[in-house]
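Structural features, examined
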Amino acid sequence: MSALEQMYQQVIMDHAKQAHGRGLEPAEGAHVGESFQVNTTCGDEVRLRVGVDGDRIASLTWEGQGCSISQASVSVLHDLVVGSTLTDTHAAEAAFLALMQARGEEPDAATEDLLGDATAFVGIGRYPARIKCALLGWMALKDALIQADVPPERRDS
Amino acid sequence: MLTDLRADFPALAREGRNGRPLVYLDSGATSHKPAQVLQAEADFYRFSNGAVGRGAHLLAEEATEAFEGARAAVAGFVGAGPDQIVWAENATAALNLVASGIGNASQGVGGDAGKRFAIGEGDEIVVTESEHHANLIPWQILARRTGATLRWIGVDDDGRLDLGSLADVVGERTRVVAFQHASNVTGIIHDVEAIIARAREVGALTVMDACQTAPHLPLDLAALGVDFAAFSGHKMLGPTGIGALYGRTELLNALPPSVFGGSTVKTVTMTETTWLDAPQRFEAGSQPVAQAIGMGAAARYLGALGMDRVAAHERALGERLRRGVEAIDGVRLLGPSGTSGENVLGLAAFVVDGVHPHDVGQVLDDAGIAVRVGHHCAQPLHRRLGVPSSTRASTHVYTTEAEVDTFLASLRGVRSFFRLSAVTA
């Protein structure tokens, strides 16, 4: 597999074409947050709305436009975190960030378990200019969770 | 042909991604530098490094001579006198210098001489819908700052300025008309003579962004009759960190500065300051001396090639590029067709159906081809053309036909890489 093929793995292409969670809907749960993020280098954008119920992410919907990497990444993020606890979401976020900084090194089995389809983004690490694309949705989620004003004891437990 | 000069550009000999020969088609963003420019910068530091205009010793003298010699070279390159060229950090800073100067004059800075620039409520500032953000935002801010109204000349579906609206948009209330000489997206070289003529009729100042034309076309700013013009060093084979503002002498000597400091003043009391004439009044503090010398060397290099030859070379490449791009199924060229015979720069911005520009750029990069992706700092124009962003291939003196053909061959494979059919749906 060439570096380019490693970057555009089939799972990423599939998510880019058939994105999950696309289309903003009213959020579920007691705490609702929304964030609009733009990648200043290319103008890609995502608006993401998250609903938190107790210590779980009850809903995540979004709209946006941009490259296949940025759009597929939000779609995969949707599948990964809806229904997850905030603790697991934060762990996944940290693991994804580490994956982006790994310069294309395949992650260990534990990380793969944690990230699921998001592991397919491993190839982005070889292209520093594209890391921001893959992180766009994750940055939006991070900010939306801050906006949702979830009590800190649930956020960091 | 100009292609035998490629040996002058050390960076062109390096490899692109995956060890592929580098095909550099991003000169619209920044150009490569010939050894003559690199040498001029290095020589200054090696042999003549001294404080410009601030000493009586030999090195200070040589540094001042080189710095002012560079100014004269850049001035000559655009048909100006040396005192009509002000150094700025880049073209953006040069445009901001004019807008901020007018804003300052509107608040009484610059005394009686500055009053001719003062604007306020009821006055109008005119721009175009095709502007780079650097020649749009400063005017938005100036309008907000002074209470003046911002208006603009629209564009058609190919990005041509609607000059039919000129007499209506530029009128008795217009005080400033700011416009680009050519678009960095469509490549269209605008009929700026018509804009300047209309602005003169109503007594409005003209401010031209020449970033995309100074490196590629013969320019005679004095003959053109524009009041101010800005261009950058790094797009015309010179260094980064340096740009130039051209201005008509009587205007430059009346416009108040917007960066204040040493080496710019005639007299200073505890409450008042008067300024030196241009260019000194605008060059506060230590200047980017080596960069200015590099830009001077770039102007000499281009001047020796002959800008008529440069323009002819790039026009031919541009037509090859645009015809090639629009002939590919599923690819939309932005701006006039390559067969239109219109006066267009040697560049092509385009969109590939179903593939985002960032992804297009990535596949091209994999083949060693460097292009620009995004909105190229022209969001309003992209919005008007109905796309959020585009991919752009742009040429310069060192670009070859073979490179254009390599690029076109790779572009033909982009849709199939993303498993899209070769035929437009």
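About the thresholds
Starting from 1, residues in each chain are numbered consecutively following that chain's sequence as written. Numbering of ligands from 1 and lettering of chains from A proceed in the order in which they are written. Per-residue local features are limited, in this predicted model, to residues with pLDDT of at least 70; the limit for side-chain atom pairs, both in listing and counting, is 80 or more; totals at the level of whole chains, interfaces and linings are taken over all residues. Note on conventions: DSSP H or I runs of at least 4 residues are helices, E runs of at least 2 residues are strands, and numbering of each starts at the N terminus. Counting other C-beta atoms within 10 Å of a residue's own tells you its class, since 20 or more makes it buried, 12 or fewer makes it exposed, and anything in between is partly exposed; those C-beta atoms are placed from the backbone. At least two bridges found by DSSP between two strands are what make those strands a pair. Orientation is described by axes fitted as lines to C-alpha atoms, over the contacting stretch for helices, and by angles from 0 to 180 degrees between their N-to-C directions. As a per-residue measure, pLDDT tells how confident the predictor is, with possible values from 0 to 100. Contact between residues is assigned whenever the C-beta positions, reconstructed from backbone atoms, fall within 7 Å. Amino acids are sorted into nonpolar (Ala, Val, Leu, Ile, Met, Phe, Trp, Tyr, Cys and Pro), charged (Asp, Glu, Lys and Arg) and polar (every other residue, Gly among them). The handedness rule is simple: strands pointing away from the viewer, and a clockwise path from the first strand over the helix to the second, make the crossover right-handed.

Here we take up unusual backbone geometry. Between Ala278(B) and Pro279(B) the backbone carries a cis peptide bond, its omega angle lying at 0 degrees. Mapped onto the elements, Pro279(B) comes out in the loop between strand E10 (273–275) and helix H10 (289–305). The backbone of Asp149(A) sits at a positive phi, close to 55 degrees, despite the residue not being glycine. You can see Asp149(A) is positioned in the loop between helix H6 (128–147) and helix H7 (152–155). For Asn18(B), which is not a glycine, the phi torsion comes out positive at approximately 60 degrees. Following the sequence through the fold, Asn18(B) ends up in the segment before strand E1 (23–24). Judged by C-beta crowding, with 12 C-beta atoms within 10 Å, Asn18(B) ranks as exposed.

We now examine the sheet that holds strand E14 (residues 372–374) of chain B. Residues and elements named next belong to chain B. Spatial strand order, E11-E12-E15-E14: 4 strands in an open sheet with antiparallel pairing. Of all strands in the sheet, those with a lone pairing partner are strand E11 (331–333) and E14, marking the two edges. On average, each strand axis in the sheet is inclined to that of its neighbour by 30 degrees, with strand direction left out of account. Here E14 pairs with strand E15 (residues 390–394) via 3 bridges, running antiparallel. Considered in E15, the bridge of Arg-372 is made with Arg-392.

Our next topic: the confidence of the model for chain B. Overall, the prediction assigns chain B a mean pLDDT of 96, with 98% of residues at 70 or greater. Of the two predicted TM-score estimates for the complex, the pTM is 0.93 and the ipTM is 0.87.

A few words now on the interface of chain B and chain A. Contacts between the two partners involve 11 residues from chain B and, on the opposite side, 9 residues from chain A. Broken down by secondary-structure element, the contributors of at least two residues to the side of chain B that touches chain A are helix H12 (357–366) and E14 of chain B. Broken down by element, the side of chain B that touches chain A gets its largest block of residues, 5 residues, from H12(B). Taken together, the residues of the side of chain B that touches chain A break down into 4 nonpolar, 5 polar and 2 charged.

Now for the pairing of strand E4 (residues 149–153) of chain B. Put simply, side chains in a regular strand alternate between the two faces of the sheet. Residue and element names in this part refer to chain B. One ladder, built from 5 bridges, connects strand E3 (residues 124–128) with E4; its direction is parallel. Residue pairing in the sheet places Val-127 in a bridge with Trp-152 of E4. For the handedness criterion, the β-α-β arrangement of E3, helix H5 (residues 137–146) and E4 is classed as right-handed.

Residues and elements named next belong to chain A. Overall, antiparallel pairing links the 3 strands, which are arranged E1-E2-E3 in an open sheet. Every interior strand has two partners, whereas the edge strands, strand E1 (31–38) and strand E3 (56–65), have only one. Adjacent strand axes in the sheet meet at a mean angle of 15 degrees, parallel and antiparallel pairs treated alike. In this sheet, E3 lies alongside strand E2 (residues 45–53) in antiparallel orientation, the contact comprising 9 bridges. Bridge pairing in E3 places Leu-48 opposite Trp-62. Of the strands in this sheet, E2 and E3 touch helix H3 (residues 68–81), which is tilted by about 165 degrees from E3. Against the sheet, H6 engages E1, E2 and E3, with an angle of about 140 degrees to E1.

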